[in-house]
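One-letter residues, chain by chain:
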Amino acid sequence: MPTQGAIKEKSGFKIREPKMYQVVMLNDDFTSMEFVVSVLVDIFKKDPVNAERIMLFVHRNGRAVVGKYPYDIAVTKTTAALDRAKAEGYPFRMTVEEV
């Protein structure tokens, strides 16, 4: 008795990469540079040299993208940064924008 070949099932699902969102840090005249660097290091996992470079870019240009993430991660990191700023009394601002 001959053996039959395997039957391939075709599913109607296509796997797509999740949409990416960028976290944008905005400049203000009251949040300390040290605080901004600490947020970049602790929450966004930047090394201290890059964190300082990003902080200075925001200071000079008014805004900078600090990372690109799937939506849930972008919102979680942004919320953590804004909560920390609020707790320390800073008017720090960040936004989440679709890439």
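About the cut-offs
Per-chain numbering applies: the sequence of each chain, read as written, is numbered from 1 onward. A pLDDT threshold of at least 70 governs which residues receive local features in this predicted model, and a stricter bar of 80 or more applies before side-chain atom pairs are shown or counted, although totals over entire chains, interfaces and linings include all residues. Based on all heavy atoms of the structure, the side-chain values leave hydrogens and waters out of the count. When the centres of two rings from Phe, Tyr and Trp lie within 6.5 Å, Trp using its six-membered ring, the rings pair. Their planes under 30 degrees apart give stacked, over 60 give edge-to-face, and anything left gives tilted. Numbering of helices and strands runs from the N terminus, with a helix taken as a DSSP run of H or I at least four residues long and a strand as a DSSP run of E at least two residues long. Three labels apply to residues, based on accessible area from a 1.4 Å probe with only protein chains included: buried if under 20% of the type maximum, exposed if over 50%, partly exposed otherwise in between. Residues are treated as being in contact if the distance between any of their heavy atoms lies within 4.5 Å.

**Regarding the packing of aromatic side chains**
Working step 1: Scanning the entire structure with this criterion turns up four aromatic pairs.
Working step 2: With a centroid separation of 4.8 Å and an interplanar angle of 40°, the aromatic rings of phenylalanine 35 and tyrosine 90 are classed as tilted. With phenylalanine 35 in helix 1 (residues 33-42) and tyrosine 90 in the loop between helix 3 (71-88) and strand 3 (93-98), the pair connects residues that are 55 residues apart, well separated along the chain.
Working step 3: Summarising the aromatic geometry, the rings of phenylalanine 44 and tyrosine 69 are spaced 6.3 Å apart at their centres and angled 45° between planes, so their arrangement reads as tilted. Taken together, the residues phenylalanine 44 in the loop between helix 1 and helix 2 (48-61) and tyrosine 69 in strand 2 (residues 63-70) connect sequence positions 25 residues apart.

**Observations regarding helix 1**
Working step 1: Among the residues of helix 1, Phe35, Val36, Val37, Val39 and Leu40 are the ones counted as buried.
Working step 2: Summarising the contacts, the buried residues of helix 1 are in contact with strand 1 (20-26), helix 2, strand 2 and helix 3.

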